[in-house]
Amino acid sequence: MSAEPLLSVDAVDSGYGDTQVLRELSLSIDEGEIVSLVGRNGAGKTTTLRTIMGILNPTSGTVRYRGEDISMLDATETVTRGLALVPEERQIFPELTVRENLQIADHGGASDVDSLSIEEALEMFENLNARTENAGSSLSGGEQQMLAIARALVGGADLILLDEPTEGLAPYIVQDVMDIVRELNDRGITVLLVEQNVHVCLELADRNYVINQGEIVYEGTAEDLEANDEILDRYLGVT
Ligand code: ATP
């Protein structure tokens, strides 16, 4: 593992117009890690992902990727460097088929990690493979989540930002999504996982950051966080 983190966010302020949401937020992710950012509704998790991706730019502080300052790039530029955001709303094209959804993601991204071919992605996601000619709108919530992740892989992502991938899914589908996250990590993809569900983080993540009111209030391994009743109770409403 290189000494330099794959991604480092350093003292970032960010928000919407006059509304500041993130306050001197810092976090870092090494290549190959699964790192979680966990916190309650409105804590600033999505805003953090948008700021890393370049949908928002920080008003101060820096975002570095592979050592390069990407703070002021927009999302069309960060995506070609290997970042991908899978948003909470999944944003697949409902009127296009599963295969077409993958085809339009296949832009031959210039990232260091080889992108998956459409056939390789379909092999990885059995449910999608059985539905290649079905419209995106006909997929279940879990399948749409899989398709959104598959699109990021076909697009050549080497860091995937996952925004609440288990939100609204039945428990057995949550398990499938967690298996997929593990599998893509086994393939060398680094993951920043945003969740309200701390149990998903504790099971998947190498390290966890807890966010509250736009600030990181805790960082620790699953073992440390699981044993920390005060943090669990105070910031995550779990005891
Ligand atoms: P959730 O789980 O509800 O998505 P979150 O932790 O992802 O929560 P954010 O979506 O980052 O939280 O929101 C953080 C704060 O920013 C909230 O107070 C929210 O109301 C505010 N906010 C989010 N989007 C906008 C926007 N487009 N304009 C103004 N304020 C916004």
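The structure this text deals with has already been given above.
The model shown is predicted, which means the values in this text are computed figures rather than measured ones.

Novice: Please explain the site of the ligand as it appears in this structure.
Specialist: Among the 13 residues in the neighbourhood of the ligand, the closest are listed as Asn 41, Gly 42, Lys 45, Thr 46 and Thr 47. In this structure, Gly 44 approaches the ligand through a main-chain N or O atom, which is 2.9 Å from an oxygen atom. For the ligand, an oxygen atom lies 2.8 Å from a polar atom in the side chain of Lys 45. When isolated, the ligand has an accessible area of 630 Å², and the protein chains bury 60% of it. The biggest single contributor to the shell around the ligand is helix H1 (residues 45–53), with three residues. Among the residues forming the shell around the ligand, the class breakdown is three nonpolar, six polar and four charged.

Novice: Could you clarify how one ought to interpret the packing of helix H6 (residues 141–154) against helix H7 (residues 171–186) in this entry?
Specialist: When two helices pack together, their arrangement is given by the angle between the helix axes and by the axis-to-axis distance. Interaxial distance between H6 and H7 falls to 10 Å at its minimum, and their mutual angle equals 15°. Taken together, the axes of H6 and H7 are roughly parallel relative to one another. You can see that H6 and H7 cross each other, and the crossing is right-handed. For the pair H6 and H7, contact is made by Gly 142, Gln 145, Met 146 and Ile 149 and by Ile 173, Asp 176, Val 177, Ile 180 and Leu 184, respectively.

Novice: Can you help me understand the pattern of salt bridges in this one?
Specialist: Charged atoms that come close allow side chains of opposite charge to pair. Summed over the entire model, instances satisfying the criterion amount to 13 salt bridges. The partner of Arg 66 in a salt bridge is Asp 158, with the nearest N and O atoms 3.1 Å apart. Of this pair, Arg 66 sits in the loop between strand S4 (60–65) and strand S5 (68–69) while Asp 158 sits in the loop between H6 and strand S7 (159–163); the two residues are 92 residues apart in sequence, bridging distant segments of the chain. Classification of Arg 66 by relative accessible area gives partly exposed; the value is 30%. Judged by relative accessible area, Asp 158 falls into the buried class, the value being 1%. A salt bridge links Arg 131 to Glu 143; the nearest nitrogen and oxygen atoms lie 3.5 Å apart.

Novice: Mind showing me how you'd approach the sheet that holds strand S1 (residues 7–16) here?
Specialist: Sheet strands line up and pair through hydrogen bonds in the backbone, either parallel or antiparallel. In space, the four strands of this open sheet follow the order S2-S1-S4-S5, with antiparallel pairing throughout. Of all strands in the sheet, those with a lone pairing partner are strand S2 (19–29) and S5, marking the two edges. Taken together, the seven bridges between S1 and S2 define a ladder with antiparallel strand orientation. In the strand pairing of S2, Ser 14 is matched with Leu 22. Along the sheet, H1 makes contact with S1, S2 and S4, crossing S1 at roughly 115°.

Calculation criteria
- Residues numbered from 1 in each chain as written.
- Predicted model: local features only at pLDDT ≥ 70, side-chain atom pairs only at ≥ 80, totals over all residues.
- Heavy atoms only, no water.
- Near = heavy atom within 4 Å.
- Polar contact = N/O pair within 3.5 Å; in protein donor to acceptor, adjacent residues only side chain to side chain.
- Areas by Shrake-Rupley, 256 points an atom, 1.4 Å probe, with all protein chains shown as cover.
- Helix = DSSP H or I, 4+ residues; strand = E, 2+ residues; numbered from the N terminus.
- Nonpolar A, V, L, I, M, F, W, Y, C, P; charged D, E, K, R; others polar.
- Axes fitted to C-alpha atoms, helices over the stretch in contact; angles between N-to-C directions.
- Parallel < 35°, antiparallel > 145°, perpendicular 65-115°, else oblique.
- Left-handed = near helix turned anticlockwise from the far one by under 90°.
- Contact = heavy atoms within 4.5 Å.
- Salt bridge = Lys/Arg side-chain N within 4 Å of Asp/Glu carboxyl O.
- Buried < 20%, exposed > 50% of the residue type's maximum accessible area, 1.4 Å probe, protein only.
- Pairing = 2+ DSSP bridges.

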